[in-house]
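Residue-level listing of the chains:
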Amino acid sequence: MARRKLGRMKVRRPGAGVAARYLRVFPGRRLYYEPESLPRITSEELFGDGKPLELEAGCGTGDFLNALAERDPGANFVGVDLHMKSLYRAVNRAAERELENVLYISADFNIIYPLLEDVSLRAVYLHFPDPGMKPRQEKNRIFRRRFLDELHRALVPGGRISVMTDHDGYYEQMLSLLSGDERWEKCFGELSVDPGVKSRFHRLWEDEYGRTTHRFELVKI
Ligand SMILES: C[S@@+](CC[C@H](N)C(=O)[O-])C[C@H]1O[C@@H](n2cnc3c(N)ncnc32)[C@H](O)[C@@H]1O
């Protein structure tokens, strides 16, 4: 099945109050040229408290992140994605559940790094990232050397990156980037966090199309 077919879905635009509460938009030009004009991705700046912070890169419709937030009110959760319709769905569902500890940001994760503070994130999730439809789009992948360097800087000691992908080629590239990188404890197999809810793409690839999910965690040493 063509991957792009998965993008079709009907979503209602959130009302102004819901958007103001749950959605932030960080335009690309501003993020790239004037990141200091945007809020930093910390619990203090985004939620006004000092709770541990977890982040999902390419959160899509937020099914996984909203479930994490509902399960753990003692922490804050931020989802970042480029696709506004997916974010609308994530935001609408956060509002329906009256979650107080989740926020969604419309932004390109590949240029968001200046907003991440050192030693500030407890966990990062990268689940079913886009592999790119064409070879020339592979350069837009999120999992690359800079991703590992910046997240190693931003995670607390013992902090985790959780990765899942159904894409064999992307998985091979991840393993090759990780070979010889001794900054992480690498754990393959079941993930340590399972909110009991699969993300939209996890359901699609695993349950509907029977694809195998590669999964691993990197724990910052
Ligand atoms: C295959 S979907 C997976 C979504 C979700 N993690 C899930 O498992 O259902 C990949 C998501 O990554 C987002 N994405 C791709 N490149 C991105 C980037 N550079 N910055 C932020 N989001 C990105 C896409 O918009 C899409 O929602």
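So, how was this worked out
- Residues numbered from 1 in each chain as written.
- Predicted model: local features only at pLDDT ≥ 70, side-chain atom pairs only at ≥ 80, totals over all residues.
- Heavy atoms only, no water.
- UniProt positions renumbered as here; feature names shortened; annotations may be inferred.
- Helix = DSSP H or I, 4+ residues; strand = E, 2+ residues; numbered from the N terminus.
- Buried < 20%, exposed > 50% of the residue type's maximum accessible area, 1.4 Å probe, protein only.
- Polar contact = N/O pair within 3.5 Å; in protein donor to acceptor, adjacent residues only side chain to side chain.
- Near = heavy atom within 4 Å.
- Areas by Shrake-Rupley, 256 points an atom, 1.4 Å probe, with all protein chains shown as cover.
- Expected span 1.5 Å × (residues − 1).
- Contact = heavy atoms within 4.5 Å.

Q: So, the UniProt feature "binding site: substrate" (unreviewed entry) in the protein chain: which residues are in play, and what are the values?
A: Summarizing the sequence annotation, UniProt attributes the feature "binding site: substrate" (unreviewed entry) to Lys134 and Asp166 in the numbering used throughout. One can find Lys134 in the loop between strand E5 (121–127) and helix H6 (145–154). Looking at Lys134, the relative accessible area reads 39%, which means it is partly exposed. Residue position: Asp166 is located in the loop between strand E6 (155–165) and helix H7 (168–178). Judged by relative accessible area, which is 4%, Asp166 ranks as buried. Here Arg211 takes part through its side chain, which lies 3.1 Å from a polar atom of the side chain of Asp166.

Q: Go over the site of the ligand, please, and point to the residues and values.
A: Around the ligand, 18 residues are found, and the nearest of them are Gly58, Asp81, Asp108, His127 and Ser199. At 2.8 Å, a backbone N or O of Gly58 approaches a nitrogen atom of the ligand. Arg200 places a main-chain nitrogen or oxygen 3.4 Å from an oxygen atom of the ligand. When the ligand sits alone it has 600 Å² of accessible area, and the protein chains cover 91% of it.

Q: Which residues make up helix H5 (residues 84–96), and what values go with them?
A: Given a rise of 1.5 Å per residue, 13 residues ought to cover 18 Å, and the 18 Å separating the end C-alpha atoms of H5 matches this to within 8%. On the buried face of H5, the contacting elements are helix H1 (16–22), strand E1 (23–25), helix H4 (63–71), strand E3 (76–81) and strand E4 (102–106). One or two residues past the end of H5 sits Glu98, with phi positive at roughly 55 degrees.

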